[in-house]
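Single-letter residue listing:
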Amino acid sequence: MGEVCGEKSKPWLSVVWRMSNVLMSVFFALASYVQINDPDAGLWMVSYGVPAVLSALIGFRPHVTETLPWRRVADLHLMISSAAIFILGWRLYTQRVTQIFQQEEGREFSGVTLTSVWLLLCRHSGRAPVGRLRVSTAVAITVFPIVAWLYYHVHTELRSEWPSHCKTAI
């Protein structure tokens, strides 16, 4: 099995990969925290909390993705998330929702999709050196939700029709 960025010529890829995982861990932890006011908070806190812990583990020990416990937890989360993505996606499709961030189901769908895509990107990342494509994708995925969250936080008029529990956490 290869070492994460074992190539001596590109050690920065390993650093960027690990930083992306730490930042996504912080983002998922924050996303888990803001669910505290949600009517079904427990479900969504676990939905974001599991990827937060898994990402933090990768940030501090990249080879953890090759351990059986990490893979089992990630696989279970992906399986449950896939069902949630299908159910929420079907609901959004049948309701013909066009502005998904204005609907609670749309925000939930986006969050579960984000956690699933991130965990899929992290699978087997400890098996061989991370490459530029994986790191570039990780950086793009890391930047997008943080910028989107800041954008919605600054522009309060975009949140005007959200339910009260979505406006009061932070």
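All of the points below concern the structure found in this document. (Residues numbered from 1 in each chain as written. Predicted model: local features only at pLDDT ≥ 70, side-chain atom pairs only at ≥ 80, totals over all residues. Heavy atoms only, no water.)

## Quick notes on the environment of Ser 82
Line of reasoning, step 1. For Ser 82, the location among the structural elements is in helix H3 (residues 68-94).
Line of reasoning, step 2. On the accessibility criterion, Ser 82 (43% relative accessible area) is partly exposed.
Line of reasoning, step 3. Linking Ser 82 and Ser 116, residues 34 residues apart in sequence, is a C-alpha distance of 7.6 Å. (Helix = DSSP H or I, 4+ residues; strand = E, 2+ residues; numbered from the N terminus. Buried < 20%, exposed > 50% of the residue type's maximum accessible area, 1.4 Å probe, protein only.)

## Some words on the nonpolar core
Soluble, globular proteins show a tendency: their nonpolar side chains are buried together.
Line of reasoning, step 1. Of all hydrophobic cores here, the largest spans 23 residues; its most connected members are Trp 17, Met 24, Phe 28, Trp 70 and Trp 118.
Line of reasoning, step 2. Counting only elements with at least two residues in this core, the list comes to helix H1 (11-33), helix H2 (41-60), H3, helix H4 (104-122) and helix H5 (132-154).
Line of reasoning, step 3. With six residues, the top contributor of residues to this core is H1. (Core = buried A, V, L, I, M, F, W, Y, C linked by side-chain atoms within 4.5 Å.)

## Describing the packing of H2 against H4
Line of reasoning, step 1. Where H2 meets H4, the axes come as close as 11 Å, and the angle between the chain directions of the two elements is 25 degrees. Taken together, H2 and H4 sit at an angle that is classed as roughly parallel. You can see that H2 and H4 cross each other, and the crossing is left-handed. Along the contact surface, H2 presents Trp 44, Ser 47, Tyr 48, Pro 51, Leu 54, Ser 55 and Ile 58, while H4 presents Arg 107, Glu 108, Gly 111, Val 112, Thr 115, Trp 118, Leu 119 and Cys 122.
Line of reasoning, step 2. Partitioning the contact of H2 with H4 into residue classes produces nine nonpolar, four polar and two charged. (Axes fitted to C-alpha atoms, helices over the stretch in contact; angles between N-to-C directions. Parallel < 35°, antiparallel > 145°, perpendicular 65-115°, else oblique. Left-handed = near helix turned anticlockwise from the far one by under 90°. Contact = heavy atoms within 4.5 Å. Nonpolar A, V, L, I, M, F, W, Y, C, P; charged D, E, K, R; others polar.)

## A look at the environment of Trp 70
Line of reasoning, step 1. Tracing the backbone shows Trp 70 in helix H3.
Line of reasoning, step 2. For the pair formed by Trp 70 and Val 53, sequence separation is 17 residues and the distance between their alpha carbons is 10.0 Å.
Line of reasoning, step 3. Not counting residues up to four positions away in its chain, the partners in contact with Trp 70 are Leu 54, Leu 57, Ile 58, Val 64, Thr 65, Cys 122 and Arg 123.

## Observations regarding unusual backbone geometry
Line of reasoning, step 1. We note that Arg 96 has phi near 55 degrees; this positive angle belongs to a residue other than glycine.
Line of reasoning, step 2. Positive phi, normally seen in glycine, also occurs at His 124, with a value near 55 degrees.
Line of reasoning, step 3. With respect to the helices and strands, His 124 occurs in the loop between H4 and H5.
Line of reasoning, step 4. For His 124, a relative accessible area of 25% translates into the label partly exposed.

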